[in-house]
Amino acid sequence: MKVEWGDRKSKALTPSSLRCLSYLPTVNLTTGCVHDCIYCYIRGYSQYPGQSAVRVYRNTAQLIARELDRKRNKPLAVYFSPSSDAFMPVKEVLDEAYQVMKLLLDRRIGIQFVTKGKVPEMFLELFAKQPELVAGQVGLCTLDDALNDVIEPNAALASDRLDTLWQLVRIGVTTSLRADPLIHGVTDHDDDLDRLFARVSACGIRHVSASYLFLRPAIVGSFKRNIADPDLLNRIFEPFEQARRSAICGSSSSALSLPAKVRETQLERVQHIAKQHGLTLNICGCKNEDLTSSKCHLTNLTVTAKAAKRPVDQATLW
Ligand code: SF4
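Residues numbered from 1 in each chain as written. Predicted model: local features only at pLDDT ≥ 70, side-chain atom pairs only at ≥ 80, totals over all residues. Heavy atoms only, no water.

Peer 1: What exactly am I supposed to notice about the sheet that holds strand E7 (residues 134-139) here?
Peer 2: Two pairing modes exist for strands in a sheet, parallel and antiparallel, and in both the strands are linked by backbone hydrogen bonds. Strands sit in the order E2-E5-E6-E7-E8-E9-E13 across an open sheet of 7 strands; the sheet is parallel. Each end of this open sheet is capped by a strand with a single partner; those strands are strand E2 (26-27) and strand E13 (280-283). Across 2 bridges, the pairing between E2 and strand E5 (residues 77-80) is parallel. When the bridges of E5 are listed, Val 27 appears paired with Phe 80. (Pairing = 2+ DSSP bridges. Helix = DSSP H or I, 4+ residues; strand = E, 2+ residues; numbered from the N terminus.)

Right under this line is the structure:
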């Protein structure tokens, strides 16, 4: 892995154009992400540092402290991280993440995150002091580690992500599963989802967000470069033969997605399997604008607003 330090050219807390994130400031601790998920959209960014490479921003905690001091109203919460992962297995990133999260929690500002990593013990101890201020999603689409090794090569093992789910629930953090992106015909077989949802439910999870893979040129190139098995590649691309371009809500970009009817039918099936395990399924409306306006709970402001005794709409104050 290649780790280097870099300076920011803009503010540390930035808004996001994604509808789910529009109420919150977001922060990326790095450019790039060593989890190296082969479907990751950051591969198409001009500043993407390459596979297994990461540029860690210096002094993020100090910068955020200064930015917050200049604000009349503090945000309800800060979201980690739209284009990276705060819990990637890189000491420099974890140290920065810890400093920033501690700073926010010390100021009673909530933390919202999505991760495909294993949340280390020191963070669990930090969150356990104020679990009402923390909400997290753990991304996991399949328990098949051989498959995960191909599509998410440096993300945590499925068992470690399940352990993280369990630990977060245990300390009282509002936690859900993020099954995104499901790959039709590869990670969404009935048996596989049944096993995944059974394990997740046993961790005490009650909500799952799901969406299907969509393709952009950089992602197609990444799949072709990183998947040696032609049969697997064919199974991934085949359902996209009838695909069409669709907009990603709140973003200027579009992507190739499965036909609406296919997504609708498959998500109904996923919902049915989830329900059998006591899980409520939320479909990502940003990526399925043609199907639903529902939210995937990328963030969970209700919990943070309750802790802060502030209505959610005041979150726009930041
Ligand atoms: S963990 Fe998230 S940011 Fe990191 S490579 Fe995977 S999808 Fe991209």
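Anyway, onward from the coordinates.
Peer 1: I tried to follow the sheet that holds strand E1 (residues 2-6) on my own but got confused; where do I start?
Peer 2: An order of E1-E4-E3 is seen for the 3 strands of this open sheet, with the pairing classed as mixed. The outermost strands of the open sheet, each flanked by one partner alone, are E1 and strand E3 (30-31). Looking at chain direction, E3 and strand E4 (residues 53-57) are connected through 2 bridges and run antiparallel. When the sheet's bridge partners are listed, Thr 30 is paired in E4 with Val 56.

Peer 1: How do you make sense of the pattern of salt bridges when you look at a structure like this?
Peer 2: Opposite charge on two side chains permits them to pair, given that their charged atoms come into close proximity. Taken as a whole and assessed by the stated rule, the structure comprises 14 salt bridges. Close ionic contact of Arg 178 with Asp 180 constitutes a salt bridge, the shortest N to O distance being 3.4 Å. Side by side, Arg 178 and Asp 180 carry an identical accessibility label, which is buried. Here Asp 192 makes a salt bridge to Arg 195, at a shortest N to O gap of 2.8 Å. Remark: Arg 195 and Asp 192 occur in helix H6 (residues 190-202); sequence separation between them is 3 residues, near one turn of the helix. In this structure Asp 192 comes out as partly exposed when scored by relative accessible area, which is 22%. (Salt bridge = Lys/Arg side-chain N within 4 Å of Asp/Glu carboxyl O. Buried < 20%, exposed > 50% of the residue type's maximum accessible area, 1.4 Å probe, protein only.)

Peer 1: Just checking my understanding: could you explain the nonpolar core for this structure?
Peer 2: Proteins that are soluble and globular tend to have nonpolar side chains buried together. Of all hydrophobic cores here, the largest spans 87 residues; its most connected members are Phe 80, Phe 127, Leu 177, Phe 197 and Phe 223. Considering each element in turn, this core owes the most residues, 8 residues, to helix H2 (residues 91-106). Setting aside residues no more than four positions away along its own chain, Leu 177 makes contact with Gln 137, Val 138, Leu 140, Leu 165, Leu 196, Phe 197, Val 200, Ile 205, His 207, Val 208 and Ser 209. Counting residues in each nonpolar core, the second largest holds 5 residues, with Leu 21, Leu 24, Ala 77 and Tyr 79 among its members. (Core = buried A, V, L, I, M, F, W, Y, C linked by side-chain atoms within 4.5 Å. Contact = heavy atoms within 4.5 Å.)

Peer 1: Teacher, can you tell me more about the packing of aromatic side chains here?
Peer 2: Note on aromatic pairs: each is described by the distance of the centres and the angle between the planes. In the structure shown here, the tally under the stated rule is 7 aromatic pairs. Relative to Phe 113, the ring of Phe 87 lies with its centre 5.2 Å away and its plane at 75°, an arrangement referred to as edge-to-face. Taken as a pair, Phe 87 in the loop between E5 and H2 and Phe 113 in strand E6 (residues 110-115) lie far apart in primary sequence, 26 residues in all. By relative accessible area, which is 3% here, Phe 87 ends up buried. Members of the aromatic cluster, each reached through a chain of ring pairs, are Phe 87, Tyr 98, Phe 113, Phe 123 and Phe 127. (Phe/Tyr/Trp six-rings, centres within 6.5 Å; stacked < 30°, edge-to-face > 60°.)

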